[in-house]
Amino acid sequence: MATARFIAGVAVLTLVITVAVLWVLPSSTDYSPANPRWNGLQVIAREYGLVGIRSLDALPPDPNTVLVVLPSSPPTRAETDRLRVFLAGGGTLVVMDDFGPGNAVLQGLGVAARFSGQPLADGLFNSRSAHLPRIVDFIPSPITEGVGQLVLNHATVISPLGDLRAVALSSPVSYLDTNGSGRRDGGEPAGPFPVVALGRVGGGSLVLISDSSLLLNAVLRLGDNRLLARNIFRLAGERSRILLDEVHLPHQPLDRAKAVLRAGREIVSLPLLTFILTVVALAIPLMSLDRPARR
Amino acid sequence: MRHSFGLCGLLAGVILLSGCVAAGTTSTPAPARERVRHEDPAAAAVDPDPTELFVWYLDSARLLSTWRFREGRLRVQRLKLATLPPEMESLVGDLGRLLLKEGSILEAADGWFRDAARLMAAGRSAEAGRLLAQMSAYLRRGDVLFSDIADAVEDLARRTRIRELPPDSPQRQAYEELLRVAARVRALLTASRTAAIDTASAAAFAGLLPIETRLEIDDPGPAYPGRRLTIRGRAAEQAPIPSGRAVRLWLDGVLIGQFPLGPFSASLDLSPAMLPGAHALVARVEAQGRYLGAEARRMVTVTRLAPAVRLETPRYGLAPGLLTLRGEATSQLGRVGGGTIAARLGPALREGSTDREGRFSLGLAVPPDLNLVGLETVTVDVRPREPWHAPAGTLGRVFIINLVSLALASFLLPALGAVYVLRRSMGAGRVEETRPPDVVTVLAPSRAEPPRLTVSGPARTVVQFYVEAQYLIARASGIAIEPEMTMREFLRHSRAVVPSAAFEELTHLAERAVYSAHRPGEAAHRRAAELLERVREDAAHGHG
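**Some details on the overall build of chain B**
- What chain B contains, in helices and strands, is twelve helices and 18 strands.
- The buried share of chain B, taken over its 544 residues, is 40%.
- Considering only contacts in chain B between residues 6 or more positions apart, those separated by 24 or more positions represent 63%.
- When the accessible surface of chain B is summed, it comes to about 30100 Å², and 56% of that surface belongs to carbon and sulfur atoms.

Encoded structure:
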């Protein structure tokens, strides 16, 4: 009996500590809204109440909604159909990609614009490194109002533009570092290149940014990146809802564990279950009080 | 000790197990080899490439040497945003300032030559001569500045080791081209100085200058999606023979019109889907032979106007009941016809639409919701149909008389009153159950004084008997009753001197009366009185 109690105690304690550690331990996954480190999205998620969606089925065709897609895995046909419906409903879709499968999203949407996939570098206008180019040329547009400079982080360029309009261009001394030398060599294409584009697609607004890192905690505070993000989110109105596509983000086991815990908390926070748990929590000490004391 | 070890072992085991689970969830699978998508900006290696400066300076010099002075100056100023090695910042700053001054001198000389030519054509040769004399001094300064620029460029070339780069590298090629453009600028300066010597040479020189084109766009004011926007401007070239060129006008990169030089005006219906915010309006006249090109830019601010919504609400309403709301939505762009109206009061929602005049009238069914009572807020949102109108809304206040609350109150208040009266009448028999817990304070400051007693409730009698007995025993045994001493401690001390079975039993009775939930009854009181008498005898005889 004592051994069984001991084992049960250890199991319960282990479970409680594990749950507590998993709950408290911050995520370190790239682009995770729960990640407070440099490569997470916690800052923007908190500032704009970014809501992560785990299925594009939940996407409302609402003109006051902005969906941010940072694709790390290609979308399915059904998912791109959902995105088309979302755009047709007047929504604002922001696709941020550099070397990921962003072109699969654009292809699915029937848009001619593409991310070139070649690394953009600038030896003169940058933040420390040529692969962190500083963008200083802007064309007046609703999303570049007040923006004086942007800092990208291992970005590419948008080429071709299709029907979209370039609103931010890299400097004339920027180049595509096709051989990865970190220096402009003869034959490498030279700028300016479009890095942010905007257009109306199927009744909605489409924003392309040729850098998946612009919203990261450490990158958001550079230049006027935060202002660009604010302007983009305001495309859908002052009280817009900002959604983040978490379906195509990278996931670590910790994120999956946290998701399970969050789901558990949601179930537990249902009124009926909360009531039952409260009653049980009150009943146990009352029952032990009623038990005769041992001499 | 054994317990402590066991506990430590248990904790270590639990922490180890938890750690293993947590570590398992944070471990990252080995990533496939792919291109770096980002790096920590704070940890990025600083590697500016100052040889790119020559590419930048070449662009600036080309603009300055082709009479695009303003663009050239802006290009030089843009270098403030460049990332440079700290040891070159000062040099690049100086070079930038020199280039800006040189650009200003070139622009001023160009303007003065043209003015001098106009003065001479008007027969005002004396004034033209004075202007040329002034310009000559200015151009000498430009010559000196040019030498400083050449020195600074040479210094920069030495520091960046540009000549060590391969001949086909873009930076090296830009440096060599920059030297050639600089030579052309110097030749232009020299020619200008020579031409400024006399009016005839100046007139001849001015005749060789490229022909300017002036282009302006008026501020179009605010624009609204779906409405007409009129853009006006003017383009002129100061040439004896018209070039026959055209002004082209673009909005957001889309060509919206083409006009001959002179005043121009374009009207276009903006797309209803046009996004609110800044939009780029660009007019351009292309360069052609001696005729310089020109470009003018304006920002068009597209906005949606929020209509003013007027709402009339009744002063009060009933719940449940029907609340009639009236009002109208208008803006300076006209009435909001066919717009959707949504009126809300608590959980009640009613949608309708405005008529052609922008007026609306809605009957909002107020539900029998207990929360709706007193002064409540009615929200009316208007979603206009016109693309130039933004959604708008207004608030109204209505006093809600909740019939359900009134009915409940009229039933519940008498019922509660009746319950209260009933409880009052039955209250006597239940007083004991609601009595406060017993409070006992026993203070015995010294052997000389009898203990002071504060006690309430049914424990009073038993404890009184105990205190009296304790005083007797203390006096007989000579043991001081210390305030911090428990009943049991006093019993233990006194037992050795005055053993009394009665006092021992009385102590137990008193403990039960004071510390347990058990309330002493009549039997306990009687027993305590008997025991006190026996303690009195024991204390008198000094034995148990």
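**Some remarks on the overall build of chain A**
- Scanning chain A for helices and strands turns up eight helices and 13 strands.
- Against the 2.2 N^0.38 benchmark of 19 Å for 295 residues, chain A shows a C-alpha radius of gyration of 24 Å, more extended than a compact globule.
- In terms of overall dimensions, chain A has a C-alpha envelope of 90 × 40 × 35 Å along the principal axes.
- A total of 295 residues make up chain A; the buried ones form 50% of that total.
- Partitioning the intrachain contacts of chain A with sequence separation of at least 6 by distance along the chain shows that 70% fall at a separation of at least 24.
- Element-wise, carbon and sulfur atoms account for 60% of the exposed surface of chain A, whose accessible area totals about 13200 Å².
- Across chain A, the centroid of the 27 positively charged side chains sits 11 Å from that of the 23 negatively charged ones.

**Focus on the pairing of strand β3 (residues 92-96) of chain A**
Residue and element names in this part refer to chain A.
- Counted residue by residue, β3 has five buried out of five residues, so it is predominantly covered.
- Side chains Thr 92, Val 94 and Met 96 of β3 all project onto a buried face; the interleaved residues Leu 93 and Val 95 project onto the opposite face, where all are buried too.
- In terms of strand pairing, strand β2 (residues 65-69) meets β3 through four bridges, oriented parallel. Its bridge partner lying in β3, Val 69 is registered against Val 95.

**So, the side chain of A:Glu79**
- Relative to the helices and strands, A:Glu79 is located in helix α3 (residues 77-88).
- If we ignore the near neighbours within four places in the chain, the residues touching A:Glu79 are A:Leu56, A:Val247 and A:His248.

**Regarding unusual backbone geometry**
- The omega torsion across A:Ser159 and A:Pro160 is 5 degrees, close enough to zero to call that bond cis.
- Within the secondary structure, A:Pro160 sits in the loop between β8 (150-151) and β9 (165-169).
- Across the junction of B:Ala319 and B:Pro320, the peptide omega takes the value 0 degrees, indicating a cis bond.
- When you line up the elements, B:Pro320 lands in the loop between β9 (316-319) and β10 (321-331).
- Even without being glycine, B:Trp67 reaches a positive phi, approximately 65 degrees.
- When you line up the elements, B:Trp67 lands in the loop between α2 (52-65) and α3 (69-77).
- Taking the relative accessible area as the measure of exposure, B:Trp67 reaches 23% and is therefore partly exposed.
- The backbone of B:Asp252 shows a phi angle near 55 degrees, a positive value even though the residue is not glycine.
- In this structure, B:Asp252 sits in the loop between β3 (246-251) and β4 (254-260).
- Take B:Asp252: its relative accessible area is 14%, and that puts it in the buried class.

**Some details on the sheet that holds strand β16 (residues 392-402) of chain B**
Residues and elements named next belong to chain B.
- Spatially, β9-β16-β15-β12-β13 is the arrangement adopted by the five strands of the open sheet, whose pairing is mixed. Here the strands that pair on one side only, and so sit at the sheet edges, are β9 and β13 (348-353). In this sheet, adjacent strand axes meet at a mean angle of 30 degrees when their direction is disregarded.
- Sheet topology note: the strand β12 (residues 340-345)/β13 ladder contains six bridges and is antiparallel. Bridge pairing in β13 places Leu 345 opposite Ala 348.
- Running over the sheet, helix α8 (residues 403-426) touches β9 and β16 and is turned about 25 degrees from β16.

**Focus on the interface of chain A and chain B**
- In this complex, chain A contributes 64 residues to the contact, which on the side of chain B involves 52 residues.
- Between chain A and chain B, roughly 4800 Å² of surface is buried when both sides are summed, and carbon and sulfur atoms account for 62% of that area.
- Area buried by chain A at its contact with chain B is led by A:Leu124, A:Arg128 and A:Arg184, which between them contribute 16% of it.
- Where chain A meets chain B, there are six salt bridges.
- With a closest N to O distance of 2.8 Å, A:Asp98 and B:Arg37 form a salt bridge.

**A short note on the confidence of the model for chain A**
- With 95% of its residues at a pLDDT of 70 or more, chain A shows a mean pLDDT of 87.
- Within chain A, no element has a lower average pLDDT than helix α8 (residues 271-290) of chain A, which sits at 73, and none a higher one than β8(A), at 96.

**Notes on the pattern of salt bridges**
Residue and element names in this part refer to chain B.
- Evaluation of the coordinates by the stated rule reveals 42 salt bridges over all chains.
- The salt bridge partner of Asp 94 is Arg 97, with a shortest N-O separation of 2.7 Å. Taken together, the positions of Asp 94 and Arg 97, both in helix α4 (residues 86-121) and three residues apart, correspond to about one turn of that helix.
- Since its relative accessible area comes to 36%, Asp 94 is described here as partly exposed.
- Among the charged side chains, a salt-bridge network with shared partners connects Arg 310, Glu 312, Glu 328, Arg 335 and Glu 357.

**Topic: α8(B)**
- Between its first and last C-alpha, α8(B) extends 35 Å over 24 residues, near the 34 Å set by a 1.5 Å rise per residue.
- Of the residues flanking the start of α8(B), the one acting as N-cap is B:Asn402, its side-chain oxygen 3.0 Å from the backbone nitrogen of B:Val404.

**Some thoughts on helix α5 (residues 125-160) of chain B**
- The terminal C-alpha atoms of α5(B), which comprises 36 residues, lie 50 Å apart, in line with the 52 Å expected from a rise of 1.5 Å per residue.
- Among the residues trailing α5(B), B:Arg161 stands out with phi positive, at a value near 55 degrees.

**Observations regarding the sheet that holds β9(A)**
- Read across the open sheet, the eight strands follow the order β1-β13-β2-β3-β12-β11-β9-β7 (chain A); overall the sheet is mixed. Strand pairing shows two members of the sheet lacking a second neighbour, β1 (51-53) and β7 (137-138) of chain A, which therefore form its edges.

**Observations regarding the packing of α3(B) against α4(B)**
All names here are of chain B.
- Put simply, α3 and α4 touch, their axes get as near as 10 Å, and they point 175 degrees apart. Considering their axes alone, α3 and α4 lie roughly antiparallel with respect to each other. Contact residues: Phe 69, Arg 73, Val 76 and Gln 77 in α3; Gly 96, Leu 99, Leu 100, Gly 103, Ser 104, Leu 106, Glu 107 and Asp 110 in α4.
- Its residues assigned to classes, the contact of α3 with α4 comprises five nonpolar, four polar and three charged.

**Brief notes about the packing of aromatic side chains**
- A full pass over the atoms with the stated rule returns eight aromatic pairs over all chains.
- Measuring from ring centre to ring centre gives 5.0 Å for A:Tyr48 and A:Phe233, while their planes differ by 70 degrees; the resulting arrangement is edge-to-face. One end of the pair, A:Tyr48, is in helix α2 (residues 42-48); the other, A:Phe233, is in helix α6 (residues 225-233), with 185 residues separating them in the sequence.
- What makes A:Tyr48 partly exposed here is its relative accessible area of 25%.
- For the pair A:Phe125 and B:Trp56, a centre-to-centre distance of 4.8 Å together with 55 degrees between the ring planes defines the contact as tilted. Highlighted residues: A:Phe125 in the loop between β4 (120-122) and β5 (126-127) and B:Trp56 in helix α2, drawn from two different chains. Here A:Phe125 and B:Trp56 have matching classes, each one buried.
- Here the aromatic residues B:Tyr466, B:Phe490 and B:Phe503 are joined through ring pairs into a cluster of three or more.
- The lysine or arginine in question, B:Arg75, covers the ring of B:Trp56, its NZ or CZ lying 5.0 Å from the ring centre.
- One residue, B:Arg284, lies across the ring of B:Trp250, its end atom 5.0 Å from the ring centre.

Thresholds, definitions, all that
- Residues numbered from 1 in each chain as written.
- Chains lettered and ligands numbered in written order.
- Predicted model: local features only at pLDDT ≥ 70, side-chain atom pairs only at ≥ 80, totals over all residues.
- Heavy atoms only, no water.
- Helix = DSSP H or I, 4+ residues; strand = E, 2+ residues; numbered from the N terminus.
- Buried < 20%, exposed > 50% of the residue type's maximum accessible area, 1.4 Å probe, protein only.
- Contact = heavy atoms within 4.5 Å.
- Areas by Shrake-Rupley, 256 points an atom, 1.4 Å probe, with all protein chains shown as cover.
- Rg over C-alpha atoms; globule rule 2.2 N^0.38 Å.
- Lys, Arg positive; Asp, Glu negative; His and termini not counted.
- Charge placed at Lys NZ, Arg CZ, Asp CG, Glu CD.
- Pairing = 2+ DSSP bridges.
- Axes fitted to C-alpha atoms, helices over the stretch in contact; angles between N-to-C directions.
- Buried area = accessible area lost by both parts, 1.4 Å probe.
- Salt bridge = Lys/Arg side-chain N within 4 Å of Asp/Glu carboxyl O.
- pLDDT = per-residue confidence, 0-100.
- Expected span 1.5 Å × (residues − 1).
- Polar contact = N/O pair within 3.5 Å; in protein donor to acceptor, adjacent residues only side chain to side chain.
- Parallel < 35°, antiparallel > 145°, perpendicular 65-115°, else oblique.
- Nonpolar A, V, L, I, M, F, W, Y, C, P; charged D, E, K, R; others polar.
- Phe/Tyr/Trp six-rings, centres within 6.5 Å; stacked < 30°, edge-to-face > 60°.
- Lys NZ or Arg CZ within 6 Å of the ring centre and 35° of its normal.

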